[in-house]
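Okay, here's what each chain looks like letter by letter:
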Amino acid sequence: MLMKQLATITVIGRDKTGVIARVTNFLFEKHANIEALEEQVTRGQFSRTLQASWKTDALGADALRAGLAQLATQLGMEIKVRFTEYNRRQRFAIMVTKETHCFDALMKEKLKADPALVIGNHPTFAAHVKKHKLPFEAVSWNDRAKAETSVLQLLEKHEIDFVVLARFMKILSPNFVWRYKNKIINIHPSLLPSFPGSQAYRQAYEQGVKIAGVTAHFVSTRLDEGPIIAQGSFEIRPHMALKDIVASGQKLEATVLVKAVKLYLGKRLDVYWGVVKEV
């Protein structure tokens, strides 16, 4: 039985007539089969992600890259391709800031994927990563556009399939998110859609809510509004101080983030009209 090659292709740029047809026709001419695709247009910016497969003896990787590069030049758009293999263990990157609890939880679990890279905006995290023998890259976030360009290059270099934000406390732009649509998993310290933003525990404390929680979700172009994968909650008891709420929340953050990654790796998730469905 002939083996198949699988690739994920992203097309990003200013929206224009004929983009969809040109990319689809190119793959058809190369005898590739389109297995899945998603596309969107936001403020004139076009983004399309598709998975294609073909028989290994019908099309070489170099020929596909060359053809897509030529097409990208003709369209004036960015076209990237990431090759994978059926049943291959996925490689993921972990993005961190200073807090270690979510990173530690991911390291303790026997996930059906390989952590291949850790990226942080504080170089001090390197010492924490060293004992796990993982490569660490410190990227300053003083200039977000420059930082995101550097991170995207690192993800491509290390052949990363998906990204986990383990309490990474920086906002990613649409320019970044579109390149890994529904492949960036974040943990947020509230029961979204309540209390978006960076001060979720403080908001819950000041509002006097009785039930707080955390949410693991795919990152979208809108802050803390991405499709929800998993949630967990805990009771706020009388006389709990803010630090007690934070401590309870952080324990739950680690648990729910790991659960979300496992669901993702189990291929049990489908995003339909912005809502995650288990399949």
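Treat the numbers as computed from the prediction; the structure is a model and nothing was measured. (Residues numbered from 1 in each chain as written. Predicted model: local features only at pLDDT ≥ 70, side-chain atom pairs only at ≥ 80, totals over all residues. Heavy atoms only, no water.)

S.K.: Mind showing me how you'd approach the sheet that holds strand E5 (residues 90-96) here?
M.R.: Think of a sheet as strands paired side by side through backbone hydrogen bonds, with each pair either parallel or antiparallel. Here we have 7 strands laid out as an open sheet, ordered E7-E6-E5-E8-E9-E10-E11, and mixed in their pairing. The outermost strands of the open sheet, each flanked by one partner alone, are strand E7 (136-138) and strand E11 (228-235). On average, adjacent strands in this sheet sit at an angle of 20 degrees to one another, irrespective of strand direction. Two elements, E5 and strand E8 (residues 162-165), share 4 bridges in a ladder whose sense is parallel. Following the sheet pairing, Ala-93 is matched in E8 by Val-163. Its contacts with the sheet put helix H3 (residues 101-108) on E5, strand E6 (113-120), E8 and strand E9 (184-188), and the angle it makes with E5 is roughly 160 degrees. (Pairing = 2+ DSSP bridges. Helix = DSSP H or I, 4+ residues; strand = E, 2+ residues; numbered from the N terminus. Axes fitted to C-alpha atoms, helices over the stretch in contact; angles between N-to-C directions. Contact = heavy atoms within 4.5 Å.)

S.K.: Could you clarify how one ought to interpret the packing of aromatic side chains in this entry?
M.R.: In this description, a pair of aromatic rings is defined by centroid distance and the angle of the planes. Evaluation of the coordinates by the stated rule reveals 7 aromatic pairs. Centroid distance Phe-103 to Phe-125: 5.5 Å. Interplanar angle 90 degrees. Geometry classified as edge-to-face. Pair noted here: Phe-103 is in helix H3 and Phe-125 is in the loop between E6 and helix H4 (126-130), with a separation of 22 residues, a long-range link. In this structure, Phe-103 and Phe-125 share a single accessibility class: buried. (Phe/Tyr/Trp six-rings, centres within 6.5 Å; stacked < 30°, edge-to-face > 60°. Buried < 20%, exposed > 50% of the residue type's maximum accessible area, 1.4 Å probe, protein only.)

S.K.: Hey, could you run me through the pairing of strand E10 (residues 211-218) in this one?
M.R.: Regular strands place side chains that alternate from one sheet face to the opposite one. Extensive coverage of E10 is indicated by the burial of 7 of its 8 residues. Both E9 and E10 contribute to a ladder of 4 bridges, which runs antiparallel. By the bridge assignment, Asn-186 is partnered in E10 with His-217. Note: E10 against E11, 7 bridges, orientation antiparallel. Among the inter-strand pairings, Ala-212 is bridged to a residue of E11, identified as Phe-234.

S.K.: Explain the environment of Lys-262 to me, please; I cannot follow it from the model alone.
M.R.: Inspection of the secondary structure puts Lys-262 in helix H8 (residues 242-265). In contact with Lys-262, other than residues within four places in its own chain, are Glu-109 and Leu-111.

S.K.: I tried to follow the sheet that holds strand E1 (residues 4-14) on my own but got confused; where do I start?
M.R.: Taken in spatial order, the 4 strands line up as E2-E3-E1-E4 in an open sheet, and their pairing is antiparallel. The open sheet is flanked by strand E2 (33-42) and strand E4 (78-84), the only strands paired with a single partner. If you compare each strand with its neighbour and ignore which way they point, the axes differ by 15 degrees on average. The pairing of E1 with strand E3 (residues 45-55) spans 11 bridges and is antiparallel. Bridge pairing in E3 links Gln-5 to Trp-54. Sheet contacts for helix H2 (residues 61-75): E1, E3 and E4; angle to E4, the most-contacted strand, approximately 165 degrees.

S.K.: Could you clarify how one ought to interpret unusual backbone geometry in this entry?
M.R.: Peptide bonds are trans in most cases, and residues, glycine excluded, mostly fall at negative phi. A cis amide bond, omega 15 degrees, links Leu-192 with the succeeding residue Pro-193. Even without glycine at this site, His-31 takes up a positive phi of about 65 degrees. Assignment of secondary structure puts His-31 in the loop between helix H1 (19-29) and E2. The exposure class assigned to His-31 is exposed, which follows from its relative accessible area of 63%. Even without glycine at this site, His-239 takes up a positive phi of about 75 degrees. Structurally, His-239 is set in the loop between E11 and H8. Overall, His-239 belongs to the exposed group, its relative accessible area being 82%.

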